[in-house]
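# Residue-level structural notes
Take a look at the letters that make up each chain.
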Amino acid sequence: MARSRWIAAVLSPALITTVITAAVFTIPKAASAAPVTYQSESATISQGVVESNHTGFTGSGFVNFDNVTGSYVEYTVNAAAAGRHSLVFRYANGTTANRPLDITVNGTPTVSGLGFPGTGAWTNWQSVTTQVNLVAGTNRIRTTATTANGGPNADSLTVDVAGTEPPPGPGDTPVAKNGQLKVCGTKLCNERGQVVQLRGMSTHGIQWYSQCVKTASLDALANDWKADILRVAMYIQEGGYETNPRRFTDMMHGYIEEATKRGMYVLVDWHQLTPGDPNYNTSRAKTFFTEIAQRHKDKKNIIYDIANEPNNVSWANVKRYAEEMIPVIRAQDPDSVVFVGTHGWSTFGISDGQSETSVFNNPINATNFMYTFHFYAASHRDNYLSALSRIADRVPVFVTEFGTQTSSGDGGNDFAMSQRYIDLMAQKQIGWTNWNFSDDSRSGAVFKSGTCAGSNFTGTGPLKPAGVWVRERILNR
């Protein structure tokens, strides 16, 4: 997997020399009616039994699906208003196999193959969230097993009975609408338990292209592109953090504040690349993330990515690093989501000729985190696309980097293959950030060369073809 774009020489755009004044912005919580929980043992059951032999359930028991295709649990729920509603299924699955369910609403197929991955033990209860349209009043929600393994043990269904809130006003932002994010099951959810799919952009390396991340460009990203998230790519080597930890930490503080001003989520990207073993930088990472998490722990818009692209390293060593680093962040900020890159340049080992099972069979021992996946559509074809689909059904995953070109970040755009990825990510509700928000000469940079020296970043005029394409995908919700 060629990675030449990462280390190619870049003629010295000036680094940021001033630190943006820090400020804490209070983001109001969106109001919502209290959700209603429906116990599975009170639902209509076909080919299943009510049991209470595994601790941790709510109510008087749970439903154990028979191990046959077609076994189901059907809930009768009431919605205050017609519209989009969140469904949160609480379950346990003591096996290592996914036990997907088809969801029908009032007899109409609505969600196909909703994943219920293993939870580690039958006493470990987790949740999976999806969204459906309900009518006002009574609704029948049926969950049907799609494999001979049957379904998971079903504890309850919690429904956001109030449904979709009124359309946001012009002053609303992604953070104002969604608040503190969390991982629920295999999805990223907002503070009300509703699944969210964040879409946005990654900066280029801030040691090279800091001039592209300024007031005018960030205003365009937030207000013209309507992006949800900004990923700040802070390289560790290649002229980055390692050369001046104080300068780059202060730069990151400033970018966090700028994203916060605009109500965007910000992904703090520890962009290790060479060497590929993240353990090489563990000491530096602990110093950096301790300060970042301590200062910004009260914000609702922070996501931490502790390893950009592990490569030429085993999954076991990446897992060891993650299990050492996640507690460091949790000690300062116990609530925010943490991302972890996977081996093979964040492809779950696919680029190393392996499969995602190495992660499935040896998962990270932590909660409220997501694995990351990267792809470049002109290089990474059907086997990568199929792998991402399988991965999203089993574990929480976020695409923190992708391009419409080759893995060098350059060459011709393959928009047809890119659209297949976009469609899959929309179907599976996988969040993403595109590479990259700069005017680098390569085709993967969204701005035409020279744009960042000026102040015009809105509309399609300043954009290369890849920029026009990805801006439309962010806008087209």
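Further up the page is the structure itself.
Just so you know, these numbers come straight off a predicted model, no measurement behind them.

### With respect to the overall build of the protein
A tally of regular secondary structure across the protein gives 11 helices and 21 strands. Relative to a compact globule of 477 residues, whose C-alpha radius of gyration would be 23 Å, the protein shows 22 Å and is just as compact. Overall, the C-alpha framework of the protein stretches about 65 × 50 × 45 Å when taken along its three principal axes. Considering the protein as a whole, with its 477 residues, one finds that 57% of them fall into the buried category. Long-range pairs, those at least 24 residues apart, make up 79% of the contacts in the protein between residues at least 6 apart in sequence. One way to put it: in the protein the 40 positive side-chain charges average out to a point 2 Å from where the 39 negative ones average out.

### Observations regarding the nonpolar core
Of all hydrophobic cores here, the largest spans 87 residues; its most connected members are Phe289 and Ile306. Not counting residues within four places of it along the chain, the set of residues in contact with Phe289 comprises Val268, Trp270, Gln294, Tyr304, Asp305, Ile306, Met325 and Ile329.

### Some thoughts on the sheet that holds strand S7 (residues 101-105)
Overall, antiparallel pairing links the five strands, which are arranged S2-S5-S10-S7-S8 in an open sheet. Of all strands in the sheet, those with a lone pairing partner are strand S2 (44-46) and strand S8 (108-114), marking the two edges. Here the average twist between neighbouring strands, direction ignored, is 20 degrees. Looking at chain direction, strand S5 (residues 72-79) and strand S10 (residues 137-145) are connected through eight bridges and run antiparallel. Its bridge partner lying in S10, Ala79 is registered against Gly137.

### Things to note about the pattern of salt bridges
Side chains that differ in sign of charge can pair as their charged atoms come close. What the rule picks out here adds up to 21 salt bridges. Asp250 is paired through a salt bridge with Arg246; the nearest N and O atoms lie 2.9 Å apart. Of the two residues, Asp250 and Arg246 both sit in helix H4 (residues 245-261), four residues apart, roughly one turn of that helix. Asp250 sits in the buried class, given a relative accessible area of 18%. Of the charged contacts in the structure, one is a salt bridge between Lys261 and Glu258, with a shortest N-O distance of 2.8 Å. Placement of both Lys261 and Glu258 in helix H4 is noted, with a separation of three residues, approximately one turn of the helix. Accessibility expressed as a relative area gives 44% for Lys261, which makes it partly exposed. Judged by its relative accessible area of 7%, Glu258 falls in the buried class. Through salt bridges that share partners, Asp219, Glu258, Lys261 and Arg262 make up one connected network.

### Remarks on the state of the cysteines
Inspection of the entire model under this criterion finds two disulfides. Across the disulfide, Cys184 is cross-linked to Cys189 (sulfur-sulfur distance 1.7 Å). Under the relative-accessibility criterion, Cys184 is labelled buried at 6%. Look at the protein and number its bonded cysteines as they come in the sequence; the links are 1-2, 3-4.

### Here's the deal with the environment of Gly412
For Gly412, the position within the fold is in the loop between strand S20 (397-403) and helix H10 (415-428). Once you skip the residues sitting within four places of it in the chain, Gly412 turns out to touch Ala378, Thr404 and Gln405.

### Side note on the pairing of S8
Relative to S8, S7 runs antiparallel, the two being bridged by four bridges. By the bridge assignment, Val105 is partnered in S8 with Thr108.

### Notes on the packing of helix H5 (residues 282-296) against helix H6 (residues 315-332)
Interaxial distance between H5 and H6 falls to 8 Å at its minimum, and their mutual angle equals 25 degrees. One finds that H5 runs roughly parallel with respect to H6. As for the relative orientation of H5 and H6, their crossing is right-handed in sense. Taking contact as the criterion, the partners of Thr282, Ala285, Lys286, Phe289, Thr290, Ala293 and Gln294 in H5 are, on H6, Tyr321, Glu324, Met325, Val328, Ile329 and Gln332. Of the residues that constitute the contact of H5 with H6, the class distribution is seven nonpolar, four polar and two charged.

### Concerning unusual backbone geometry
Here the bond from Thr274 into Pro275 is cis, since omega is 5 degrees, no more than 30 degrees from zero. Backbone torsion omega between Trp435 and Asn436 reads 5 degrees, so that peptide bond is classified as cis. Mapped onto the fold, Asn436 is located in the loop between strand S21 (432-435) and helix H11 (465-475). The phi dihedral of Asn106 is positive, around 55 degrees, even though this residue is not glycine. Relative to the elements of secondary structure, Asn106 occurs in the loop between S7 and S8. A positive phi angle, close to 60 degrees, is found at Lys226, a residue other than glycine. With respect to the helices, strands and loops of the structure, Lys226 is situated in the loop between helix H3 (215-224) and strand S15 (229-235). In this structure Lys226 comes out as partly exposed when scored by relative accessible area, which is 46%.

### Description of the packing of aromatic side chains
Counted under the stated rule, the structure contains 25 aromatic pairs. With a centroid separation of 5.7 Å and an interplanar angle of 55 degrees, the aromatic rings of Trp270 and Phe289 are classed as tilted. Here Phe289 lies in helix H5 and Trp270 lies in strand S16 (residues 265-271), a separation of 19 residues in the sequence. Given the relative accessible area of 0%, Trp270 is considered buried. What makes Phe289 buried here is its relative accessible area of 0%.

What counts and what doesn't
Residues numbered from 1 in each chain as written. Predicted model: local features only at pLDDT ≥ 70, side-chain atom pairs only at ≥ 80, totals over all residues. Heavy atoms only, no water. Helix = DSSP H or I, 4+ residues; strand = E, 2+ residues; numbered from the N terminus. Rg over C-alpha atoms; globule rule 2.2 N^0.38 Å. Buried < 20%, exposed > 50% of the residue type's maximum accessible area, 1.4 Å probe, protein only. Contact = heavy atoms within 4.5 Å. Lys, Arg positive; Asp, Glu negative; His and termini not counted. Charge placed at Lys NZ, Arg CZ, Asp CG, Glu CD. Core = buried A, V, L, I, M, F, W, Y, C linked by side-chain atoms within 4.5 Å. Pairing = 2+ DSSP bridges. Axes fitted to C-alpha atoms, helices over the stretch in contact; angles between N-to-C directions. Salt bridge = Lys/Arg side-chain N within 4 Å of Asp/Glu carboxyl O. Disulfide = S-S within 2.5 Å. Parallel < 35°, antiparallel > 145°, perpendicular 65-115°, else oblique. Left-handed = near helix turned anticlockwise from the far one by under 90°. Nonpolar A, V, L, I, M, F, W, Y, C, P; charged D, E, K, R; others polar. Phe/Tyr/Trp six-rings, centres within 6.5 Å; stacked < 30°, edge-to-face > 60°.

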